[in-house]
Amino acid sequence: MKNLTPATFPPRGIGDAKPRNTAVLDWVQEIATLTEPENIFWCDGSDRENEFLIAESLEQNVLIELNQNKVPRSYLHRSNPNDVARVEQFTFVCTPTKDEAGPTNNWSEPAKTYAKLLGLLKGAMRGRTMFVIPYMMGPVDSPLTKIGFEITDSKYVVLSMRIMTRMGEVALKRLGNDPHVEWNRGVHSLLDVNPERRFICHFPQDNTIISVGSGYGGNVLLSKKCLALRIGSYLARTQGWMAEHMLILGVESPSGKKHYVAAAFPSACGKTNFAMLIPPAHFKGWKVTTIGDDIGWMRIRDGRLYAVNPENGYFGVVPGTSYKSNPNAMRSIAHNTIYTNVALTDDGDVWWEGKDGPSPAHAFDWRGDDWTPESKEKAAHPNSRFTTPMRNNPVLDADIEKGEGVPISAIIFGGRRSDTVPLVYQAFDWNHGVYLGATMASETTAAAAGAVGRVRRDPMAMLPFCGYNIGDYFRHWLDIGKCLANPPLIFNVNWFRKGADGKFLWPGFGENMRVLEWIIDRCEGHGGAVKSPIGWLPSPHDLGLAELDIGHNAVDELLGLDHEEWQKEIAAHKEFFDSLGGIVPEELQKQREQLSARFEL
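Residues numbered from 1 in each chain as written. Predicted model: local features only at pLDDT ≥ 70, side-chain atom pairs only at ≥ 80, totals over all residues. Heavy atoms only, no water.

Overview of the overall build of the protein
Assigned secondary structure in the protein consists of 17 helices and 32 strands. By the compact-globule yardstick of 25 Å for 601 residues, the protein fits well, its C-alpha radius of gyration being 24 Å. By principal-axis analysis of the C-alpha atoms, the protein measures approximately 75 × 55 × 45 Å. For the protein, the proportion of its 601 residues judged to be buried stands at 62%. For the protein, the share of sequence-separated contacts (at least 6 apart) that also reach a separation of at least 24 residues comes to 73%. (Helix = DSSP H or I, 4+ residues; strand = E, 2+ residues; numbered from the N terminus. Rg over C-alpha atoms; globule rule 2.2 N^0.38 Å. Buried < 20%, exposed > 50% of the residue type's maximum accessible area, 1.4 Å probe, protein only. Contact = heavy atoms within 4.5 Å.)

So this is what it looks like as structure tokens:
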């Protein structure tokens, strides 16, 4: 093993941006001694470094160059066909006791897990370059900002982390020289991309993540779900803030009054579409801006919740994205984007199911095989992705780098439900809102490996991402509420309810602005609502359905409550709480009892 020098690899001035923090240097040397790389490359996040790594990736077929006239400065990456989604069954929370991880996490004893992982990492980078990525999560001057280092042997990871985080010198400056300062240790190796040797392990007490055997973004971009949510949620509880799987958007009325809204949806349930929503013509003068499309970190200040987006880019699901569904996303991914597992057209463009225009007569599918419209397989993988800088977003909020965060007026929970759950309703109070989040459910999608279309409970959309006992997580939400003099109002939405013909009742996309307007009206104290057993429901008049092509029967069904369905839903709530084994706080058990009683009145 040798440290890089300007005379070897890479070119002069690249790959030698070492920090002065001795704790980081000692840790990197420890991992290098274990993995035995041919070279060590210290990433600085510069444009020159990025160009060099792209050239290397093209030469080694890590990336495929796209038609630069059609998609400037953009590239295609194909992952191994056995490695196309998050692998929850191989994702572990490694705490001293199983109770600390709780019933919703896969638990593994720390010492044994370290021994297994270090054994897999021994000599794993022989003949490879070990990249050391310093990165920062959060705005430069935010008190919530966290520093991490990811060691990896994947150029795809380096290039993606440059998009998704504030990477390089900016992170080293924020870290400083104090060897005792908090920072996250992340180690990743592709190994041989074998599912039998694929583990994503989190050690909350050590602020450490180790991921091996995968090259897929959700498993290997350790800044994202791993640090920002699994480790982040643990740090948030111990430090008195919140790390949530939430988009954050700004809504400005024609009068200039602005609110910020956070929303928690499971993966592939429309977070990016909602975060970049374009108000329809009926809402002339309204503006929606994006703070973040996936993760929100929130802290209490002056009796309110203030939120920042810790990320620097978007890692979104591609299929279904079009100028009809999400024009701002299409504009965002039109350049400087890494596409993963989409189809490649004969003229070097990208294509996926749901993209604007006709399907190509011929393309190469996400595996690289010939594809035509007659092919049985989809051209793009259902969980194919784009990775693009947030600066590409034409509606990026002006306060995106505001270190103190933006004040949150409303929190929205939601998921894919074909029946039972109305289009929108409001919780009676904070604890009732926590109950809505704790019992929310969604029909599964291709964003995680496993069966698609089954209903599963996904509390606060955090089921795969909470880094500690979910009962303690519920308690943390309840405790936060006690500290808020001006808590956000809490709502539940369901864009995906279907009629008897199996078709969606609500048009969704930009028309969700009608629901958002009612939510803002409620926050300002002048929106109408009807009290129901499940919460405050809007009437059709309250939603403002003018100029919307939707029938009265569809509206009635969207806002209606089927008591028989809700009896089954309440029973499912009880079954879910019971499955957690007695860890659900008493306040939430009482909320369920009160909900059941309201249906009996």
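Right, picking up where we left off after that structure.
Structural notes on the packing of aromatic side chains
Both the distance between ring centres and the angle between the ring planes are used here to describe each pair of aromatic rings. Taken as a whole and judged by the stated rule, the model has 23 aromatic pairs. Note on tyrosine 339 and tryptophan 352: the rings are 6.0 Å apart at their centroids and 25 degrees apart in plane angle, and the pair reads as stacked. On the criterion of sequence distance, the pair formed by tyrosine 339 in strand β20 (residues 338-340) and tryptophan 352 in the loop between β22 (350-351) and β23 (363-364) is long-range, its members being 13 residues apart. Tryptophan 352 sits in the buried class, given a relative accessible area of 1%. Judged by centre distance (6.0 Å) and plane angle (85 degrees), the rings of tyrosine 435 and phenylalanine 577 are edge-to-face. In this pair, tyrosine 435 is assigned in helix α11 (residues 430-439) and phenylalanine 577 in helix α16 (residues 563-579), connecting sequence segments 142 residues apart. Assigned by exposure class, tyrosine 435 and phenylalanine 577 land together as buried. (Phe/Tyr/Trp six-rings, centres within 6.5 Å; stacked < 30°, edge-to-face > 60°.)

Re the sheet that holds β20
Read across the open sheet, the five strands follow the order β3-β4-β20-β25-β19; overall the sheet is mixed. Two strands in the sheet have a free side with no partner beyond their single neighbour: β3 (64-65) and β19 (313-317). Across two bridges, the pairing between β3 and strand β4 (residues 75-77) is antiparallel. For glutamate 65, the partnering residue across the bridge sits in β4 and is tyrosine 75. (Pairing = 2+ DSSP bridges.)

Concerning helix α2 (residues 47-59)
Taking 1.5 Å per residue as the helical rise, α2 with its 13 residues ought to reach 18 Å, and the 18 Å between its terminal C-alpha atoms agrees with that figure. Within the sequence span of α2, burial applies to Glu49, Asn50, Phe52, Leu53, Ile54, Glu56 and Ser57. For α2, the secondary structure elements touched by its buried residues are β2 (39-42), β4, β7 (129-137), α5 (155-164) and β9 (166-167). In the stretch just after α2, asparagine 61 is the one whose phi turns positive, near 65 degrees. (Expected span 1.5 Å × (residues − 1).)

Section: the pattern of salt bridges
Scanning all chains against the criterion turns up 28 salt bridges. Between glutamate 401 and arginine 391 there is a salt bridge, with its nearest N and O atoms 2.7 Å apart. Here glutamate 401, found in the loop between β25 (385-389) and β26 (406-414), pairs with arginine 391, found in the loop between β25 and β26; they are 10 residues apart in sequence, far enough to count as distant. The class for glutamate 401 is partly exposed, based on a relative accessible area of 29%. (Salt bridge = Lys/Arg side-chain N within 4 Å of Asp/Glu carboxyl O.)

Here's the deal with the environment of valine 493
Among the structural elements, valine 493 can be located in strand β30 (residues 489-493). C-alpha of valine 493 to C-alpha of arginine 304: the two residues are 189 residues apart in sequence and 23 Å apart in space. Excluding residues that lie within four positions of it along the chain, valine 493 makes contacts with Phe265, Ile412, Phe413, Gly414, Gly415, Pro422, Leu423, Val424 and Val515.

Regarding the pairing of strand β10 (residues 184-189)
Along β10, five of the six residues are buried, which leaves the element largely enclosed by surrounding structure. The sheet contact formed by strand β8 (residues 146-152) and β10 spans four bridges and is parallel. Note that in β10 the partner of isoleucine 151 across the bridge is valine 187. With five bridges joining them, β10 and strand β12 (residues 208-212) adopt parallel strand pairing. Among the inter-strand pairings, valine 187 is bridged to a residue of β12, identified as isoleucine 210.

A short note on the nonpolar core
Among the nonpolar cores identified, the biggest contains 110 residues, and Tyr339, Ile408, Ile411, Phe413 and Trp477 are the most heavily contacted of them. Considering each element in turn, this core owes the most residues, eight residues, to helix α8 (residues 223-239). The contacts of isoleucine 408, once residues within four sequence positions are left out, are Ile248, Tyr260, Ala262, Met298, Arg304, Leu305, Ala307 and Pro488. With 37 residues, the next largest nonpolar core counts Val261, Leu277, Trp495 and Leu548 among its residues. (Core = buried A, V, L, I, M, F, W, Y, C linked by side-chain atoms within 4.5 Å.)

Some points on the environment of proline 394
Relative to the helices and strands, proline 394 resides in the loop between β25 and β26. Proline 394 sits in the partly exposed class, given a relative accessible area of 48%. When the C-alpha positions of proline 394 and aspartate 83 are compared, they lie 32 Å apart, and in sequence the two are 311 residues distant. For proline 394, the contacting residues outside a window of four places in its chain are Asn328, Arg331 and Ser332.

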